[in-house]
Amino acid sequence: MTGDTVERVTAGFTEARRVADALLFEGYVLYPYRASARKNQLRWQFGVLVPPAWQDAGGEHTWQRTECLLEPRRADRLLVELRFLQVRRRSVERLSPDGESWTEVAELDLPDRVLVPWDEGEEERVALDVPLDRLTGEGHTRRFELPGGVEHEPVYDGAAGLVGRLVRHTRPLAGEIRLTTEPLPGPYGALRLTATVRNVSAWTPGPQETGDRERALPHSLIGAHLLLGLPGGRFLSMADPPEWAAPAARTCRNEHTWPVLACAEGRDEVMLSSPIILDDHPEVAAESPGPLYDATEIDEILSLRTAALTEREKREARGTDARAAEVIDLVDGMPAEVMERLHGAIRGLREVTGESTGGTTGGREGRRTTAGDAPGGARSSDGARPSSDDGGIDLSSDDGGIDLTVVEPSAAPLPAGLRLPTGPGLPWWDPARDSAPAPGGGTVTVDGQALGAGSRVLLQPGPRRSDAQDIFLTGRAATVEAVLEDFDGETHIAVTVDGDPGIDVRREQGRFLYFRPDEVDPLPEPARAPARDGEGGV
């Protein structure tokens, strides 16, 4: 391990923290950023590791487990950073007129802010630097403890002087990190790393606290996630591992967290294991001016609505939390050109090639699918780019790019029997006059077997492009309802899942689940019972 490799990991941790912060503080304080808003009454949803005594009572978890693969190469040690929030429960007290006593109040109204009771989140980090040879066998366990305490912050009101104080209570918190490695079979020298984070706090709920989650939160790790660094080595992608590592990757068991390669494309010395499922190499959008803590909203709309808050609402937001105050100041001071960038961005355009994706797919090796009755490609028979003579978009340009200039359509005659309606208010396409067959009646060949409506399949969604809902259906049997093709030539298989009580509703409304051909395995058709005497035949 050299100094430059350590520096790369250190820089990678800094880069990964920006993404992690978007997860750690997601939902920390939601628009309209006031403690009094109903949506801010139930908080801390992601990566919450509760005390063992609360796990059975509250149904939440006390641990998270990360398993991933790594190649040590020149690495001789593993760098680990556990990050989480510790709840600080804040109350507000007013100073009595005689200056001798304090009284807890629901709010303290100041000219620039309205202070109210609130649960703050204090970021905590636990760092480890462990030699790899200490992780074999029983591995390495690090226990950490955070003491409880009380802090007081005086509150001043300009010329009036001291008018109140904020009282912050933190509760004792204890946890442990356990790291182990085991070698993978084969000549590659790879290791399976298991990292378990566990809340071991001794707190137990009292008789009146059994069902009160708010009592357990100060003793919990909030938004817990891991940064893993391997100076001189590399981690393997869990979503797209090398072929030789794919069987081992499939047997990795990740519970309540998911590891991805952090930092930019092409770098693999840092891994982020977070309670929110991400793709490899996640990054914060360049257009984002700062954290807004509410990913359920579009940044542009969120910024505009925040700017429209009344002055009283902004004062309450500033008094709710320092991070909420930063959001208000960010939006109030946002230049017009920055706001304009939030409207959207095109990060890439797919070049029209005309190649049908119904052919060989990028899924499991050896799988070949062909779409039946696929429309012709966008290239001519000699491979030339399509011209704009037939109207639409001119795809040629002098610099090799794509010219998106819209050209006028030609006056080519319509097919016989087809007359498009004209006049104001009429649609450009009338389904009643379209003689083409209804979509969905085609077939697609998978592993040499033609699949169409009524075929039986086994769902095998790929981990690279599937979301959590798809993965939950792995191994479930389903019935093909239709085989469809989109405007890009991609083939999609619409299915209903066996045992779904809403199958009739899905069929009536046409609301199916969709999978690609390389995400299903054909099932044998059920054998038909032989006809009894007097039945069937002629």
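Residues numbered from 1 in each chain as written. Predicted model: local features only at pLDDT ≥ 70, side-chain atom pairs only at ≥ 80, totals over all residues. Heavy atoms only, no water.

Draft legend 1. Quick look at the side chain of S201. Relative to the elements of secondary structure, S201 occurs in the loop between β11 (191–199) and α3 (213–216). Within the local environment of S201, its side chain forms a polar contact with the backbone nitrogen of A174, the two atoms lying 3.0 Å apart. A distance of 2.8 Å separates the side chain of S201 from the side chain of N199, its partner in a polar contact. Setting aside its immediate chain neighbours within four residues, S201 contacts P51, P52, P172, L173, A174 and H219. (Helix = DSSP H or I, 4+ residues; strand = E, 2+ residues; numbered from the N terminus. Polar contact = N/O pair within 3.5 Å; in protein donor to acceptor, adjacent residues only side chain to side chain. Contact = heavy atoms within 4.5 Å.)

Draft legend 2. Focus on empty space enclosed by the protein. Inspection of every chain in the model, using the stated rule, returns one cavity of 30 Å³ or more. In this structure, the largest cavity spans a volume of roughly 60 Å³. Lining the largest cavity are L23, L24, F25, E26, G27, Y28, W44, Q45, F46, I222 and G223. Of all elements in the fold, only α1 (3–24) and β12 (222–229) reach the threshold of two or more residues within the lining of the largest cavity. Among the residues making up the lining of the largest cavity, the classes are represented as seven nonpolar, three polar and one charged. (1 Å grid on protein atoms, 1.4 Å probe; cavity = no way out; pocket = protein on both sides within 12 Å on 5 of 7 lines; lining within 4 Å. Points joined across faces, edges and corners; volume = space filled by probe spheres on them. Nonpolar A, V, L, I, M, F, W, Y, C, P; charged D, E, K, R; others polar.)

Draft legend 3. Layout of the packing of aromatic side chains. Under the definition given, this model contains seven aromatic pairs. Consider the rings of F25 and Y28, whose centres lie 5.7 Å apart with planes at 85°: the pair is edge-to-face. In this structure F25 comes out as buried when scored by relative accessible area, which is 7%. One aromatic cluster is present, formed by F25, Y28, W44 and Y293 through successive ring pairs. Here the guanidinium or amino end of R43 rests over the ring plane of W118, the centre of that ring lying 3.7 Å away. It is R323 that lies over the ring of Y28; its NZ or CZ is 4.9 Å from the centre. (Phe/Tyr/Trp six-rings, centres within 6.5 Å; stacked < 30°, edge-to-face > 60°. Buried < 20%, exposed > 50% of the residue type's maximum accessible area, 1.4 Å probe, protein only. Lys NZ or Arg CZ within 6 Å of the ring centre and 35° of its normal.)

Draft legend 4. Expanded view of the pattern of salt bridges. Throughout the structure, instances matching the rule amount to 41 salt bridges. In this structure, E145 engages R143 in a salt bridge whose closest nitrogen and oxygen atoms are separated by 3.2 Å. Overall, R143 belongs to the partly exposed group, its relative accessible area being 46%. Where E269 meets R267, a salt bridge forms, and the shortest distance between an N and an O atom there is 2.6 Å. (Salt bridge = Lys/Arg side-chain N within 4 Å of Asp/Glu carboxyl O.)

Draft legend 5. Seen up close, the nonpolar core. Formed by 39 residues in total, the largest nonpolar core has its most connected members in L78, L82, F84, L179, L221 and F235. In this structure L82 touches E124, R125, V126, F144, I177, V197, L221, A224, H225 and L226, once residues within four positions along its chain are discounted. Counting 29 residues, the second-largest nonpolar core is a separate cluster that includes F25, L85, V87 and I222. (Core = buried A, V, L, I, M, F, W, Y, C linked by side-chain atoms within 4.5 Å.)

Draft legend 6. Region of the structure containing helix α7 (residues 322–332). Within α7 the residues assigned to the buried category are R323, A324, A325, V327, I328 and V331. For α7, the elements touching its buried residues are β6 (118–131), α5 (299–307) and α6 (311–320).

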